[in-house]
Amino acid sequence: VQLQASGGGLVQPGGSLRLSCAVSGSIFSINGMGWYRQAPGKQREWVAGITSAGSTPYADSVKGRFTISRDNAKNTVYLQMNSLKPEDTAVYYCYADVRTTAQAMGSKRAWGQGTQVTVSS
C-alpha cells in the first residue's frame, strides 16, 4: 500500500491550500483516513480525520478553518486549508487504515511521505 501526498507549498497568511493524498496498492477497504503535521522542533500532532461513515473530527487549532473530505471511488483524502496562519507551517502527513484483503483480520495504518506547507509573508 502506498500513499502519495501532494498540494503543499508556500502561501501568505490568510491564504488557502488544498492537500490531496491518494492511496494505491492492495486495497480491500479503507476505514479511517486523515492528516497529521509536524512543525520544526515539535512533535507530530493530529490535525483531522474522517471515518468510513463520514465522521470528521478536528483538532481545536484548525476547527472552523480546515475541512477534510474523501473520495472513496478514488481512494483519496483531501484537506482544504483556509485562513492559514504562520503557526500552520509544518510537514503534513496523510494516513489511511487499510484492509488489504477480505480475509485480513483488521486494518493496518499506512503513511504518506509528507508534504511541506509554509505560511509566510
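Calculation notes
Residues numbered from 1 in each chain as written. Predicted model: local features only at pLDDT ≥ 70, side-chain atom pairs only at ≥ 80, totals over all residues. Heavy atoms only, no water. Salt bridge = Lys/Arg side-chain N within 4 Å of Asp/Glu carboxyl O. Buried < 20%, exposed > 50% of the residue type's maximum accessible area, 1.4 Å probe, protein only. Pairing = 2+ DSSP bridges. Helix = DSSP H or I, 4+ residues; strand = E, 2+ residues; numbered from the N terminus. Phe/Tyr/Trp six-rings, centres within 6.5 Å; stacked < 30°, edge-to-face > 60°. Lys NZ or Arg CZ within 6 Å of the ring centre and 35° of its normal.

## A word on the pattern of salt bridges
- Per the counting criterion, the structure on display carries five salt bridges.
- The partner of Arg37 in a salt bridge is Glu45, with the nearest N and O atoms 2.6 Å apart.
- Among the residues examined, Arg37 registers a relative accessible area of 5% and is labelled buried.
- Among the charged side chains, a network of salt bridges with common partners joins Arg37, Glu45, Arg65 and Asp88.

## Observations concerning the pairing of strand β4 (residues 29-38)
- Note: β4 against strand β8 (residues 90-99), eight bridges, orientation antiparallel. Bridging across to β8, Tyr36 finds its partner in Tyr93.
- Joining the antiparallel neighbours β4 and strand β5 (residues 45-50) is a turn of six residues, in which Gly41 adopts a positive phi near 75°.

## Here's the deal with the packing of aromatic side chains
- Here the structure, examined in full by the defined rule, presents three aromatic pairs.
- Considering the side-chain rings of Tyr36 and Trp111, the 5.3 Å spacing of their centres and the 65° angle between planes classify their relative orientation as edge-to-face. Taken together, the residues span a long stretch of sequence, with Tyr36 in strand β4 and Trp111 in strand β9 (residues 108-111) at a distance of 75 residues.
- Between Tyr95 and Trp111, the ring centres sit 5.6 Å apart and the planes meet at 55°, which makes this aromatic pair tilted. Residue Tyr95 is found in strand β8, and its partner Trp111 is found in strand β9; the two are separated by 16 residues along the sequence.
- On the accessibility criterion, Tyr95 (6% relative accessible area) is buried.
- For the cation-ring pair, Arg18 lies above Tyr78, with the distance from its terminal atom to the ring centre recorded as 4.1 Å.
- Between Arg44 and the ring centre of Trp111, over which it is positioned, the NZ or CZ distance is 5.1 Å.

Interpretation note: all reported values are geometric properties and have no functional meaning in isolation.
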